[in-house]
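Here are the chains, one letter per residue:
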Amino acid sequence: MTLLGGLEAGRQGLGCMGMSQSYGAGDERESITTVHRALDLGVVLLDTADVYGAGANEELVGRAVADRRDRVVLATKFSLADPDRRPRGDAAYVRQAAEASLRRLGVDHVDLYYQHRVDPTVPVEETIGAMAELVAEGKVRHLGMSEASAATIRRAHAVHPIAALQSEWSLWTRDVEAEVVPACRELGIGLVPFSPLGRGFLTGRVRSVDDLADDDVRRGLPRFAEENFARNTAIVEALRALADERGVTAGQLALAWVHHQGADVVPIPGTKRVGYLEENVAAADLELTDDDLRVIGAVASTVAGERYTPEMLELSNG
């Protein structure tokens, strides 16, 4: 059982965002079945946020765990739910957002409460101080941050212990390794990589932008743009060749690489389908040598395009 700060979270979590937005139409029955199967497989960390599906994702997750709350490590996030999606971190908003999330989830507390993005207009000390009050009241057990810089994490941790930092980390997104990961390890903060499969690209299932639904958010991301797609597909083909040698899928190899980044790492690959969930869970048991990690890491040494648009990048690493 991997610890995030003092929170027992398992070796792998489940990102629930795609059940309600971003990656095409959802199916509530299939999504709830996937959540239940995850719990049966020992995947206990469920990740949602108030902004996903404009609150609908929290409601879905709440329905899925209503009769099995004691088996779940429930994580949600706040700060991006305003209509303009700009981060808010003022104390009044922290409390307002938390109370709304608890209502939608149908619970009296969450196990891990993240600041989704740092509000550059509010001192992080104010935001974390307000979150700490929720801990004191029993409405939140542990605090987390997402896409925060090393300097901001240090300031936040000085106000109240931060259990987890959720940021994008995968074979083709490794920015956090320079400063953020070392800072977290110095402070005893666990790491929760989101999009550990490169938003599905590293699985090799997306052969063309035409494979994506018209409303799929990936159509607007630089790495999926036509001018970058072919170059990035070459990365997947190299990964697939390495995976074939081991009798696993490209996605499993990419996810195993993330698992091997440290005992304090709990990736949260997202899916709304049981088959993909089971494939992801099996990746946690793949054994890789140091040489394997070097070779796998080298296939994604050159990635075409930024991970986000400029507007989205502006909200990251605050």
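Residues numbered from 1 in each chain as written. Predicted model: local features only at pLDDT ≥ 70, side-chain atom pairs only at ≥ 80, totals over all residues. Heavy atoms only, no water.

The protein chain carries the name Aryl-alcohol dehydrogenase-like predicted oxidoreductase in an unreviewed UniProt entry, which gives Saccharothrix longispora as its organism.

To continue, consider unusual backbone geometry. Even without being a glycine, E147 presents a positive backbone phi close to 55°. Within the secondary structure layout, E147 lies in the loop between β7 (140–146) and α5 (150–159). Relative accessible area serves as the criterion here: at 3%, E147 is assigned to the buried category. Within the chain, R199 stands out as a residue other than glycine whose phi angle is a positive 55°. Mapped onto the elements, R199 comes out in the loop between β9 (190–194) and α7 (226–246). For R199, a relative accessible area of 11% gives the class buried. (Helix = DSSP H or I, 4+ residues; strand = E, 2+ residues; numbered from the N terminus. Buried < 20%, exposed > 50% of the residue type's maximum accessible area, 1.4 Å probe, protein only.)

With that settled, consider the sheet that holds strand β6 (residues 110–115). Taken in spatial order, the seven strands of this open sheet run β3-β4-β5-β6-β7-β8-β9, and their pairing is parallel. Of all the strands in the sheet, just β3 (14–15) and β9 have a single pairing partner and so form its edges. Both strand β8 (residues 162–168) and β9 contribute to a ladder of five bridges, which runs parallel. Across the sheet, residue L165 finds its bridge partner in β9, namely L191. (Pairing = 2+ DSSP bridges.)

As a further point, take the side chain of R218. As for its placement among the helices and strands, R218 is situated in the loop between β9 and α7. The buried category is assigned to R218, whose relative accessible area is 11%. A polar contact of 2.7 Å, which involves the side chain of R218, links it to the backbone oxygen of R199. (Polar contact = N/O pair within 3.5 Å; in protein donor to acceptor, adjacent residues only side chain to side chain.)

For the rest of this paragraph, the subject is the packing of helix α4 (residues 124–136) against α5. Closest axis-to-axis distance for the α4/α5 pair is 9 Å, and the angle between their directions is 40°. Accordingly, the angle class assigned to the pair α4 and α5 is oblique. Of the two possible hands of crossing, α4 and α5 adopt the one that is right-handed. Contacts between α4 and α5 involve V124, E125, I128 and G129 on the former and, on the latter, T152, R155, A156 and V159. (Axes fitted to C-alpha atoms, helices over the stretch in contact; angles between N-to-C directions. Parallel < 35°, antiparallel > 145°, perpendicular 65-115°, else oblique. Left-handed = near helix turned anticlockwise from the far one by under 90°. Contact = heavy atoms within 4.5 Å.)

Orientation of α7 relative to helix α8 (residues 250–259), taken along the N-to-C sense of each, is 95°, at an axis distance of 8 Å. Taken together, α7 and α8 sit at an angle that is classed as roughly perpendicular. Here L239, R240, L242, A243 and R246 of α7 lie close against α8, whose contacting residues are A250, L253 and A254. Of the residues contributing to the contact of α7 with α8, the split by class is six nonpolar, no polar and two charged. (Nonpolar A, V, L, I, M, F, W, Y, C, P; charged D, E, K, R; others polar.)

Glancing now at the nonpolar core. One finds L4, L14, L46, Y113 and L239 to be the most contacted residues of the largest nonpolar core, which totals 96 residues. Not counting chain neighbours up to four residues away, the residues in contact with L14 comprise M19, T34, V35, A38, V43, L45, L46, D47, I268, P269, T271 and L277. Within the second largest apolar cluster, five residues are counted, among which are A49, V51, L80 and L315. (Core = buried A, V, L, I, M, F, W, Y, C linked by side-chain atoms within 4.5 Å.)

Let us now look at the pattern of salt bridges. All told, the structure shown has 27 salt bridges when counted by the stated rule. Where R205 meets E279, a salt bridge forms, and the shortest distance between an N and an O atom there is 2.7 Å. One end of the pair, R205, is in the loop between β9 and α7; the other, E279, is in helix α9 (residues 274–283), and 74 residues separate them in sequence. A salt bridge links R246 to D292; the shortest N-O distance between them is 2.6 Å. Of this pair, R246 sits in helix α7 while D292 is found in helix α10 (residues 290–299), placing the two residues 46 residues apart along the sequence. (Salt bridge = Lys/Arg side-chain N within 4 Å of Asp/Glu carboxyl O.)

Time to look at the environment of V181. Among the secondary structure elements, V181 is positioned in helix α6 (residues 180–187). Taking the C-alpha atoms as reference points, V181 and D108, 73 residues apart in sequence, are found 32 Å from one another. In this view, V181 contacts W169, V176 and L191; residues no more than four positions away in its chain are not counted.

Counting buried positions over the seven residues of β7 gives six, a clear majority of the element. When β6 meets β7, the two strands line up parallel, connected through five bridges. By the bridge assignment for β7, L112 is matched with H142. Following the backbone out of β6, through α4 and into the adjacent parallel β7, one traces a crossover that is right-handed. Sheet topology note: the β7/β8 ladder contains four bridges and is parallel. (Right-handed = clockwise from strand over helix to strand, strands pointing away.)

It is worth spelling out the environment of V281 at this point. When you line up the elements, V281 lands in helix α9. The spatial distance from the C-alpha of V281 to the C-alpha of Q252 is 8.7 Å, given a sequence separation of 29 residues. Those residues within four positions of V281 in sequence are excluded, and the remaining contacts are Q12, L41 and V43.

For the rest of this paragraph, the subject is the pairing of β9. When you tally the buried positions in β9, you get five out of five residues, the bulk of the element. Here β9 shows no split at all, with G190, V192 and F194 on one side and L191 and P193 on the other all buried. Chirality of the crossover, the property in question, places the unit of β8, α6 and β9 among those that are right-handed.

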